[in-house]
Amino acid sequence: MWRSIQLITLYCTIVIAEEGSFLGASRQLRIHHSALSRRIRHLELMLGVALFERHPGGVKATVAGERFLVNLRRILKDLDDALEQVGAPGSGKTVQSPIGLDASPCNCAFLNVVAGSMGSDPNVAAFIAFLRRRHPVS
């Protein structure tokens, strides 16, 4: 199931939670609010849970949505760290493993698949830079 969830959808989920509304998030993301709403509704259907309570003044994360957001932020931080360790394709940057380390620094299959599939996309560096500006590591 997770293979069909787009990274941008996950990022949109975080922006919606931070903005507290689809309209505010759509302005920031430059995506029409109805398209953004459909994207999140589709994600909720795939997950089988409502992530946001929708009301006239905006949205609020549900209990399940809060748990999802906590994990999602951690996963995106892990992804950011993994991509930073790998470096940009063609940069010649390599990661030195400590002596005796038999496994890759990140054993998360999800992150390995995402990082591997993103490596060939020239827009990844710009997207990661955008994420870093929006969500600086504290």
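Refer to the structure presented above.
In what follows, the accompanying structure is described. (Residues numbered from 1 in each chain as written. Predicted model: local features only at pLDDT ≥ 70, side-chain atom pairs only at ≥ 80, totals over all residues. Heavy atoms only, no water.)

### Comments concerning the pairing of strand E2 (residues 58–61)
Part 1 of the reasoning: As defined by bridge partners, strand E1 (residues 52–55) adjoins E2 across four bridges and the pair is classed as antiparallel. Across the sheet, residue Phe52 finds its bridge partner in E2, namely Ala61.
Part 2 of the reasoning: Counting the residues that bridge the hairpin from E1 to E2 gives two residues. (Pairing = 2+ DSSP bridges. Helix = DSSP H or I, 4+ residues; strand = E, 2+ residues; numbered from the N terminus.)

### Focus: the packing of helix H2 (residues 22–29) against helix H3 (residues 33–47)
Between two packed helices, both the angle of their axes relative to each other and the distance between the axes serve to describe the pair.
Part 1 of the reasoning: Packing of H2 against H3 brings their axes to within 9 Å, and their N-to-C directions diverge by 110 degrees. Our classification of the angle between H2 and H3 gives roughly perpendicular. Between H2 and H3, the contacting residues are Phe22, Leu23, Ala25, Ser26 and Leu29 on the first element and His33, Leu36, Ser37 and Ile40 on the second.
Part 2 of the reasoning: In the contact of H2 with H3, the residues fall into six nonpolar, three polar and no charged. (Axes fitted to C-alpha atoms, helices over the stretch in contact; angles between N-to-C directions. Parallel < 35°, antiparallel > 145°, perpendicular 65-115°, else oblique. Contact = heavy atoms within 4.5 Å. Nonpolar A, V, L, I, M, F, W, Y, C, P; charged D, E, K, R; others polar.)

### A look at the nonpolar core
Part 1 of the reasoning: Residues Ile16, Leu29, Leu36 and Phe52 are the most contacted members of the largest nonpolar core, which totals 23 residues.
Part 2 of the reasoning: Elements that contribute at least two residues to this core include exactly helix H1 (7–19), H2, H3, E2 and helix H4 (63–86).
Part 3 of the reasoning: Sort the elements by how many residues they give to this core and H1 lands first, with seven residues.
Part 4 of the reasoning: Residue contacts for Ile16: discarding those within four places in its chain leaves Ser21, Phe22, Ala25, Leu36, Ile40, Phe52 and Val59. (Core = buried A, V, L, I, M, F, W, Y, C linked by side-chain atoms within 4.5 Å. Buried < 20%, exposed > 50% of the residue type's maximum accessible area, 1.4 Å probe, protein only.)

### With respect to H4
Part 1 of the reasoning: Along its 24 residues, H4 runs 35 Å from first to last C-alpha, staying within 8% of the 34 Å computed at 1.5 Å per residue.
Part 2 of the reasoning: Looking only at H4, the buried set comprises Gly65, Leu69, Leu72, Leu76, Leu79, Asp80, Ala82 and Leu83. (Expected span 1.5 Å × (residues − 1).)

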